[in-house]
Structures are given as structure tokens and as C-alpha cells.
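Descriptive analysis of the structure
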Amino acid sequence: MGKRRRIDAVKTEFAEAAERHLDDVHAYLVYLTGDRGTAEELAAETFARACERWHRFDPRRGGARTWLCQLARSTALDHFRAEERRRRREGRYAVSVPASEEQVFGEGLSPALEAALSRLSAAEREVVALRIVLELDGEAAARVLGISATACSTRLSRALQKLEKEVSAGVAA
Amino acid sequence: MSPLELVDDRFDKLAEELRASRPVAPVALRAQVRALAPPGPRGTFPRPSRRVVFALAGAALLASFVAAGVTGLSGSSTKQQSAVKPKSVKTTTEHGDAVRQGVGGVALKTPAPNLGPLQRTSDLAPTAGRLQRYQATLRLRVKDVDAMSSAAKRAMNVTHGLGGYVASVQYATRSKGGGATLVLRVPVGNVQTALTELASLGTILQQHTGILDVTRRVDREALQIAELERQLAHASPSEAPVIRAKLATLRAKHARLLKSARLARITLGLTTPAKQAATAPSRFDRTVDDAGSVLLRELEILLYALVVAGPLLLLGAAGIAAAKAQRRRSDARLLERA
């Protein structure tokens, strides 16, 4: 009886966390990968992993959003590695740039900002996603990235400067 | 506080636009995630929190102290039992006869039982009518340096009074006490009186008596001397000096033997108790000592383990740190390329 209740409680906790943070994780992965389709796949993979490892989640060590973002990053890195290996195997070294006309980083973004974001590296986009889009504080973002809070601030500052520069260049063109 | 406040206000407009048009998860993905159900709680060992680790370390430390305390208590009681067990003093003769006497044991914490002086000293007396070489060693404990000094003087007086003499005296005092060794020569006829008198000067710690009967040897030497005298009387002038020299040597040897048979040799040792031995340590002191030694031993083992395992642990930690750093750099490069 008690075990059944505990199982139900765990399911409810996970369901609530997934519902609350799905958009955040998805948005983070969109920024990280720069591709909506890949982001959806990775988000599904991330939540599948989270579901499997939910018993390991310890709220004392950080919020569920941070934990899920860490998991998402790890899933994305695995994907990037696999992709790199595949490209190397197939002899395709050129990084493919999404050619579709659809807006990747969000509906309603100006074309200049959309283009500027796509010209940033994944590392720059992920810090923008975490600090600006998801509005994580410096410490939580640093924990997701596995760097210090100072390094995280520096990286964000540089990414925003570059983004602004790219936007200005795009508008001028 | 806005996350951008730490960066720059210039990017506020940019941030607003990014936030306003953030991507939203598609319905299909939401449905897919909703369908997920985590497995029930597993019986895995929970990762101990920092508080638990500290508590365990404290408990281990406490256990080591308790173990040291218990060892100290049991050790001190064992020592107490062994400390009251008296040891006997061995008295031997040079013919191989051994007599054990329960007087003034070395390990006795208190002076020997209050027996009469005659009972306390050896009752091995020289046999009348026989020539015997008598040697005795007596070790006495006196109260302090002053008592040692007066005991030494008294021993010399006794020796002179009994017709003997003092062959040698060694006397030393230190900050913690002192010691004296007197070699006394006393006529064999008075040796029992001398020993009785000397024994009364302190507490007997050790006593050794040796008797060697030299009557036959004296007789043999006397016969040899008589024979040489007879040979000398009939010797030619060329043989006489050799016989005379032999005779002189034998007479000197004979005189020494007779003297040793006339005068007993008594070696008297006087000692004061060492300060730490003067007062036996209390049970508490012994417990603390034992517990301290156990803790010291534990510390030694811990240090040994650290010395042995420390470099390996350091290497392991350095390896893990290097692997993590390498992984981080690899991830960063991967994201830069992506």
C-alpha cells in the first residue's frame, strides 16, 4: 500500500516537473542545436532519460529545471559527437547550415536577429538561452555549463556583443 | 534582479525580443513526454549527504577514543595485578647449591616484611674449621641521598669495627637520586655479623652469597711448597735459582689464597629510589598512558595508511580532474564547431 503510494507520488512529481519545464528544455535545445527537428528529438530523449533517472534527482543539489537542462546538454553533446563521427565516416566535413526559411529560434523574431543567432556558435547560443531566454541566474547557468559563474558572465557578455554586432551588420545589409 | 543587470543595459531590448519569441514545445512532443512514467523508487543505496559523512567521521573518531579508553582501563588493571606479585631472591653457593629466599623482592613496592635482621640476611655461614672463600653481594635501597651517605659511613664503621677494611668505594649522586658501591673485606669469622649489620641499613633488594671451600687447595699448595723447600735444600747451585723462583711464586699465591679465605668479600650496593618509581602511578595515570599509547598507535596506522594510499589517491584524483578538464575542453570545442 505504501509502496504504491510512493510510486504514485514519484510519477506525479515527474509529471509536474516535465509539464513545468518542457518548454524551457525545448527552447534551450533549440538554441543549442539551431534546429527544431533535432531539438524535438533531443527533448524527447532528454525526458526519456530524466524519466529513467528521476530517482537520482536530488532537490537539495539544485532545482529540477537546472537538472533537466544539464541532462539536455549531455544528451545534445552525445548527439553532436555521434553526428561528428557520422560526418567523419561519411567524409562530409562541411557543417550544414539549415537552409529552410522557417524561423528556428522562435516565432516573431526579426530576420536579422534570427540570422544573427544562427551565426553564433552553439556555445554562445546556449549561454544566451540559459541566461536570457530561460532567465536562469548566473550560478544555475554556470552549473549547467560546468563552468564558474564569472566565466559564465564573461561568455554571456561576449555572446551578446557578438549578437548585437551581427544584428547591426544584418540590418545594414 | 534581471540576469542582464550584470552584463549591460544595452542588451535589454535584445533580451526582450528573444524572451518574447521563445520557442514553444510542439503538442506532439508534449504528448510524448506526458506519456512517460518513471519507474518506482528503487532500492538503491542513497548517496550520503555531507552531514551524514561528518557524523560518520565523528563516530569513528569517538569509537577510536572509546577503544583507547577501554584498552587503557583493562591494561591498567592487568598491570596492577602483576605489580603486586612478589619476586624471590636467589641465593647460590659456588658449589651449585641454590636456595630461594622470599626476601626483599626487586619488584616489591613496599619494603620487605618486618622480619628480624638475622632472618632477613642469608643464613649461609662459613663452616668452622674449614678454609672457605666467602663472597657476598648485598643491594640495599635507602630512602634518599642523605640516608645513602650515612649508610655508607655506617657500613665502613661496621667493617672497621669487625676488623676488616674497605677495599673500594664508589659513590655517585644525581638529581633523581644516587647510588654507592662499597667493596668490604671482613674476617670470615665476622661475616655473619657484618651482613646482619649491613642489612639493617636499608631494604634488601638483592642478596647473593657464594662460598668456595679451598681447604684442599691450601693443603695441596702447602705440600707443594714443602716439596719445593725440600728440593731447594738438595739442589745444585745451577738449579737453586729456578726452584727459588718457583717457590716464591707459589708462596705468594698461597698467601693470597689464605688471605681470601681469611677475609670475606662483601659487595654492598646502596641505591635510592628513582623519583618516578617512588610513587607508583595511579590507575588513572596508567589508564591515560595506555589510552594515549593506543591513540598514538592508531595515529601511526592512519599515517601509514595515508603514506601508502595518499600518493595513489592523489594520482587518482589528479587523473579524474584531468579527465574532467579534458572532457570539458572537448565539449567546448564540439560546441564551437556545432
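Keep in mind that what you see is a predicted model, and the values were worked out from it rather than measured.

**Observations regarding the overall build of chain A**
Looking only at helices and strands, chain A has 7 helices and 0 strands in total. Of the regular secondary structure in chain A, the N- to C-terminal order runs α-α-α-α-α-α-α. Among the 173 residues that make up chain A, the fraction classed as buried is 49%. Restricting the contact set of chain A to residue pairs at least 6 apart, pairs at least 24 apart contribute 65%. When the accessible surface of chain A is summed, it comes to about 8,500 Å², and 49% of that surface belongs to carbon and sulfur atoms.

**Structural notes on the environment of L250 of chain B**
Residue placement: L250 of chain B occurs in helix 8 (residues 240–262). For L250 of chain B and A222 of chain B, which are 28 residues apart along the polypeptide, the C-alpha to C-alpha distance reads 9.1 Å.

**Considering the confidence of the model for chain B**
All names here are of chain B. Averaged over every residue, the pLDDT of chain B is 78; residues scoring 70 or more account for 77%. When mean pLDDT is compared element by element in chain B, helix 2 (residues 27–34) scores highest at 92, while strand 2 (residues 98–101) scores lowest at 37. Here residues 1–6 scores under 50 on pLDDT; set against residues more than four positions off or in separate chains, the count is 12 contacts. The low-confidence segment residues 82–120 (pLDDT under 50) makes 68 contacts with residues lying over four places distant or belonging to another chain.

**Thoughts on the packing of helix 2 (residues 36–52) of chain A against helix 2 of chain B**
Axis separation between helix 2 of chain A and helix 2 of chain B bottoms out at 10 Å; the angle between their running directions is 15°. Here helix 2 of chain A is positioned roughly parallel relative to helix 2 of chain B, judged by the angle of their axes. In this structure, helix 2 of chain A meets helix 2 of chain B at a crossing whose hand is right-handed. Along its contact with helix 2 of chain A, which presents E40, A43, A44 and F47 of chain A, the element helix 2 of chain B presents L29, Q32 and V33 of chain B. When its residues are assigned to classes, the contact of helix 2 of chain A with helix 2 of chain B shows 5 nonpolar, 1 polar and 1 charged.

**A look at the interface of chain B and chain A**
Contact with chain B, which involves 39 residues of that partner, is made by 61 residues of chain A. When the buried surface of chain B facing chain A is broken down by residue, L18, P23 and L335 of chain B rank first, second and third, together holding 15% of it. The interface formed by chain B and chain A holds 6 salt bridges in total. At the boundary of chain B and chain A, one finds 11 residue pairs in polar contact (both at pLDDT 80 or more). Where the side of chain B that touches chain A is concerned, the elements lending two or more residues are helix 1 (12–20), helix 2 and helix 10 (283–337) of chain B.

**Description of unusual backbone geometry**
One non-glycine residue, E135 of chain A, lies in the positive phi region at around 55°. Of note, E135 of chain A is situated in the loop between helix 5 (122–133) and helix 6 (138–145).

**Quick look at the nonpolar core**
Grouped together as the largest cluster of nonpolar side chains are 68 residues, with contacts concentrated most on Y28, L29, L130 and L163 of chain A together with L18 of chain B. Sort the elements by how many residues they give to this core and helix 1 (residues 2–33) of chain A lands first, with 12 residues. Grouped together as the second largest cluster of nonpolar side chains are 28 residues, V186, L198, I204 and L268 of chain B included.

**Some details on the pattern of salt bridges**
In the structure shown here, the tally under the stated rule is 24 salt bridges over all chains. As a salt-bridge pair, E45 of chain A and R49 of chain A come within 3.3 Å of each other at their nearest N and O atoms. Residue E45 of chain A and its partner R49 of chain A are both found in helix 2; the two are separated by 4 residues, about one turn of the helix. Notably, a salt bridge pairs R217 of chain B with E221 of chain B, separated by 3.9 Å at the nearest N-O pair. Here R217 of chain B pairs with E221 of chain B, and both are found in helix 7 (residues 215–234), just 4 residues apart, close to one helical turn. The network of salt bridges with shared partners includes E45, R49, D78 and R81 of chain A together with D331 of chain B.

**Points about the side chain of E166 of chain A**
On the secondary structure map, E166 of chain A appears in helix 7 (residues 149–172). There is a polar contact of 2.7 Å between the side chain of E166 of chain A and the side chain of R119 of chain A.

**A closer look at the pairing of strand 5 (residues 177–187) of chain B**
Residue and element names in this part refer to chain B. Of all the 11 residues making up strand 5, 9 are buried; the element is thus mostly covered by neighbouring parts of the structure. Pairing analysis gives 9 bridges linking strand 4 (residues 165–174) to strand 5, with the strands arranged antiparallel. Across the sheet, residue A172 finds its bridge partner in strand 5, namely G179. As defined by bridge partners, strand 5 adjoins strand 7 (residues 263–271) across 9 bridges and the pair is classed as antiparallel. Along strand 7, the bridge assignment pairs L184 with I266.

**Brief notes about the sheet that holds strand 3 (residues 132–141) of chain B**
Residues and elements named next belong to chain B. Pairing is mixed across the open sheet formed by 5 strands, whose spatial order is 4-5-7-3-6. The open sheet has two free edges, formed respectively by strand 4 and strand 6 (203–213), since each of these has just one partner strand. Going from strand to strand, the sheet's axes swing by 10° on average, the running direction of each strand aside. One ladder, built from 10 bridges, connects strand 3 with strand 6; its direction is antiparallel. Residue pairing for strand 6: A136 is matched across the bridge by T209. Helix 8 rests against strand 3, strand 4, strand 5 and strand 7 of the sheet, and its axis sits at about 45° to strand 3.

Conventions used here
- Residues numbered from 1 in each chain as written.
- Chains lettered and ligands numbered in written order.
- Predicted model: local features only at pLDDT ≥ 70, side-chain atom pairs only at ≥ 80, totals over all residues.
- Heavy atoms only, no water.
- Helix = DSSP H or I, 4+ residues; strand = E, 2+ residues; numbered from the N terminus.
- Buried < 20%, exposed > 50% of the residue type's maximum accessible area, 1.4 Å probe, protein only.
- Contact = heavy atoms within 4.5 Å.
- Areas by Shrake-Rupley, 256 points an atom, 1.4 Å probe, with all protein chains shown as cover.
- pLDDT = per-residue confidence, 0-100.
- Axes fitted to C-alpha atoms, helices over the stretch in contact; angles between N-to-C directions.
- Parallel < 35°, antiparallel > 145°, perpendicular 65-115°, else oblique.
- Left-handed = near helix turned anticlockwise from the far one by under 90°.
- Nonpolar A, V, L, I, M, F, W, Y, C, P; charged D, E, K, R; others polar.
- Buried area = accessible area lost by both parts, 1.4 Å probe.
- Salt bridge = Lys/Arg side-chain N within 4 Å of Asp/Glu carboxyl O.
- Polar contact = N/O pair within 3.5 Å; in protein donor to acceptor, adjacent residues only side chain to side chain.
- Core = buried A, V, L, I, M, F, W, Y, C linked by side-chain atoms within 4.5 Å.
- Pairing = 2+ DSSP bridges.

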